[in-house]
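# Summary of the model geometry
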Amino acid sequence: MHILFIIDPIQNLTAYKDSSVAMMRALLARGHKLSYCLQGDLFILNGKVLTSAQAFSIPEDADLHQPDWYRIDGDAQDYLLSDFDAVLMRKDPPFDLEYLYSTHLFDLAKEQGARIFNSGLGLRNHPEKLAIAEFPEYTAPTLVSRSMSRLRAFYEEHGDIVVKPLDGMGGTGIFRVKPNDGNFAAMVEMLTVDGSQSIMAQKFIPDITAGDKRILIINGEPIPYVLARIPKEGENRGNLAAGGRGVAQPINDHDRAMARDIAKRLAGRGLFLIGLDVIGKNVTEINVTSPTCFVEITEQTDFHVANHFAEQLEKALQP
C-alpha cells in the first residue's frame, strides 16, 4: 500500500519519541510505501483534491537521535488524495482556520474515494476539549463560557478549579485556581481575552497526583496499557510537554469499560485513533487530531503500539 502522512515539517520531528515516526517505521517494516506532505501542500484543482507529496523511507538502522534519520526518495510529485491507499492526518494542533479548511478538503476527497484517518468530519466535529460534553457521566463538573459572572459563580460553587483555553495543547494556558485566589479575575480576563473567547472551567481533580492517563483507542478498542503522565513536583499539569513523567500501566477495569463505551458511541464518525485523557475516573479531553504516547508505552511494556496501529489500519482498509 502507498500511505500518505500529513505532518509538520519532517526535519522538525523529534524522531526518537514521535508517535508518527513510530507509525512510519511499523508500516515500512510491513512493506508499505510512504510519502509525506505538509498541510499547506493540499490544494483543489478543478474540483479535485490533490497534494504535492514527497516519497521517503527510514533505514532500519537509522539513528533516530540524528537529523538524517530519514531518506528522501526522488522528487516530490502531485497526487490526488484518492491515489493513496490511506491518508493519515498527523499535523499537530492548533486547530486554526487552515486546519478547518483542511477538514473540508478531506470531506471532498472522501467523496472522490480517499481513505482519511481521522476523517475531516471526525476532526471537525470533535474539538478535543469540547468533545467531553457528550459524556457528562464521565467528567468532573465543567463549564464552558466567556462570561465572567458565570465563571465566577462556578468558581465560588466548587472553590478549587482549573481554567484553560479551548484550543491549547501540551498543557499550555492551564491554571489551577485555589480558594480565595485574588488572581482569578485576571486569569479569566487573560484567557477569555476580556470576554471575547470562551474557555473551560473544571472542578479540580486531586487524582492528578497519580497522573493524567492517556488511553489510546485504535479502531474502536482501547489498547491494554495507559500512560500515566505524572506531574513534576510543584506542578498541576501532567503533560509530557510541561515536564510530566510518563509511566506505563495496565489499563484498569473501569477505564477499559469507559473507553469501550465512549468508542462505541463514537463509532461511525471516522475516528480511527482516539486518545482519551483521564484523571482519576474523569475524562478531561478526547484527542483526535494527533494522539501520541506510542513510544513511551512501547518502551515500557510488552505491547508494541505502532505495530498494533499498522495491523489495525490494514484491517480497516480491507474491502
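Residues numbered from 1 in each chain as written. Predicted model: local features only at pLDDT ≥ 70, side-chain atom pairs only at ≥ 80, totals over all residues. Heavy atoms only, no water.

- The chain is annotated in an unreviewed UniProt entry as Glutathione synthetase from Oligella ureolytica.
- Per UniProt, the chain carries the Catalytic activity (unreviewed entry) text "gamma-L-glutamyl-L-cysteine + glycine + ATP = glutathione + ADP + phosphate + H(+)". (UniProt positions renumbered as here; feature names shortened; annotations may be inferred.)

## Considering unusual backbone geometry
- The peptide bond linking Phe117 to Asn118 adopts the cis configuration, its omega dihedral lying at -10°.
- Along the chain, Asn118 turns up in the loop between β8 (116-117) and α3 (120-125).
- Positioned with a positive phi, Asn46 is a non-glycine residue whose angle comes to about 50°.
- Here Asn46 shows up in the loop between β3 (42-45) and β4 (48-57).
- With a phi close to 85°, Cys293 is a non-glycine residue in the positive phi region. (Helix = DSSP H or I, 4+ residues; strand = E, 2+ residues; numbered from the N terminus.)

## Section: the sheet that holds strand β11 (residues 175-177)
- Taken in spatial order, the four strands of this open sheet run β9-β12-β10-β11, and their pairing is antiparallel. A single partner strand is all that each edge strand has here, and the edge strands are β9 (142-145) and β11. Pairs of neighbouring strands in the sheet enclose a mean axial angle of 25°, with direction left out of account.
- Along the sheet face, helix α5 (residues 184-191) touches β10 (161-165), β11 and β12 (199-203) and points at about 150° away from the line of β11. (Pairing = 2+ DSSP bridges. Axes fitted to C-alpha atoms, helices over the stretch in contact; angles between N-to-C directions. Contact = heavy atoms within 4.5 Å.)

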